[in-house]
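Remarks on the overall topology
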Amino acid sequence: MYEYIKGKLVVKAPTHVVIDVGGIGYYLHISLTTFSQIKDLEDCKLFTSFQVREDSQTLYGFATEGERHLFEHLISVSGIGPNTGRMMLSSITPEEIQQAIVAGQVNIIQKIKGIGPKTAQRVILELQDKLKKQGPDALIPLPVTKSSAIKEALTALVMLGFGKPQADKVLQAIHNAEPDLTVEKLIKAALKRL
């Protein structure tokens, strides 16, 4: 529902933050990993996970997309709720969790407070193949390359009803003239020419 929230950090604590966005304060639960990355900032952007339960609606915030991605994998495991997932990400780094799961290191996972041997085994059993397929760089966000910016812009233009060959030709011409344009600016420039 919410991809990210970007604004002024009004309240910073190791377990939560309040971000002011246009006069509205959003309360987000965070991990210690995220806190360590944002503790010195006045403004920040946190990637969010919106969790709806029978008795609550809670926003969780993460400094990186990779941490949020791992959080969502963790809470997909039976017996691990959002608070336990956040506890796991606060205990050891997302990279260490991923390495432990991929390597099948039950002892590292069960050292985390609230995780017993059975839950640690379940986490590894359910997530090991998924994380192996994603590779070791799954938690590192990939930079948007020039070619992927053109591809994204082309996809958007085709979805808007423009012909692929014509849109591609226009995008290439724009990119050659101004190679540093973002996806949004590429699309806007192309719309003016199509």
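Up top you'll find the structure we're talking about.
All values derive from a computational prediction rather than experimental measurement.

So, the overall build of the protein chain
When helices and strands are counted, the protein chain shows nine helices and five strands. Walking the protein chain from its N terminus toward its C terminus, one meets helices and strands in the order β-β-β-α-β-β-α-α-α-α-α-α-α-α. With the C-alpha coordinates of the protein chain rotated into their principal frame, the extents come out at 60 × 40 × 35 Å. For the protein chain, the share of sequence-separated contacts (at least 6 apart) that also reach a separation of at least 24 residues comes to 50%. Of the roughly 11,400 Å² of accessible surface on the protein chain, 53% is carried by carbon and sulfur atoms. Of the charged side chains in the protein chain, 23 are positive and 20 negative, and the gap between their average positions amounts to 2 Å.

Considering the environment of Ile124
As for its placement among the helices and strands, Ile124 is situated in helix H6 (residues 117–134). Separated by 21 residues in the primary sequence, Ile124 and Ala103 have C-alpha atoms spaced 8.7 Å apart. With near-sequence residues (within four places) excluded, Ile124 lies in contact with Ala100, Ile101, Gly104, Gln105, Val106 and Ile109.

Here's the deal with the packing of aromatic side chains
Under the counting rule described, the total for this entry stands at four aromatic pairs. Taking the centre distance of 5.5 Å and the plane angle of 85° together, the rings of Tyr2 and Phe50 count as edge-to-face. Separated by 48 residues along the polypeptide, Tyr2 in the segment before strand S1 (4–12) and Phe50 in strand S4 (residues 43–53) bring together distant segments of the chain. The partly exposed category is assigned to Phe50, whose relative accessible area is 23%.

A word on the pattern of salt bridges
For the coordinates displayed, the defined rule picks out two salt bridges. One salt bridge connects Glu3 with Arg68, and the closest N-O pair in it is separated by 2.7 Å. Of the two residues, Glu3 is situated in the segment before S1 and Arg68 in helix H2 (residues 65–75); the sequence distance between them amounts to 65 residues. Relative accessible area serves as the criterion here: at 43%, Glu3 is assigned to the partly exposed category. A salt bridge links Glu65 to Arg68, with the nearest nitrogen and oxygen atoms 4.0 Å apart. Linking Glu65 with Arg68, this pair stays in helix H2, spanning three residues, or about one helical turn. Judged by its relative accessible area of 37%, Glu65 falls in the partly exposed class. One network of salt bridges, with partners in common, ties together Glu3, Glu65 and Arg68.

Parameters at a glance
- Residues numbered from 1 in each chain as written.
- Predicted model: local features only at pLDDT ≥ 70, side-chain atom pairs only at ≥ 80, totals over all residues.
- Heavy atoms only, no water.
- Helix = DSSP H or I, 4+ residues; strand = E, 2+ residues; numbered from the N terminus.
- Contact = heavy atoms within 4.5 Å.
- Areas by Shrake-Rupley, 256 points an atom, 1.4 Å probe, with all protein chains shown as cover.
- Lys, Arg positive; Asp, Glu negative; His and termini not counted.
- Charge placed at Lys NZ, Arg CZ, Asp CG, Glu CD.
- Phe/Tyr/Trp six-rings, centres within 6.5 Å; stacked < 30°, edge-to-face > 60°.
- Buried < 20%, exposed > 50% of the residue type's maximum accessible area, 1.4 Å probe, protein only.
- Salt bridge = Lys/Arg side-chain N within 4 Å of Asp/Glu carboxyl O.

None of this, on its own, says anything about what the molecule does.
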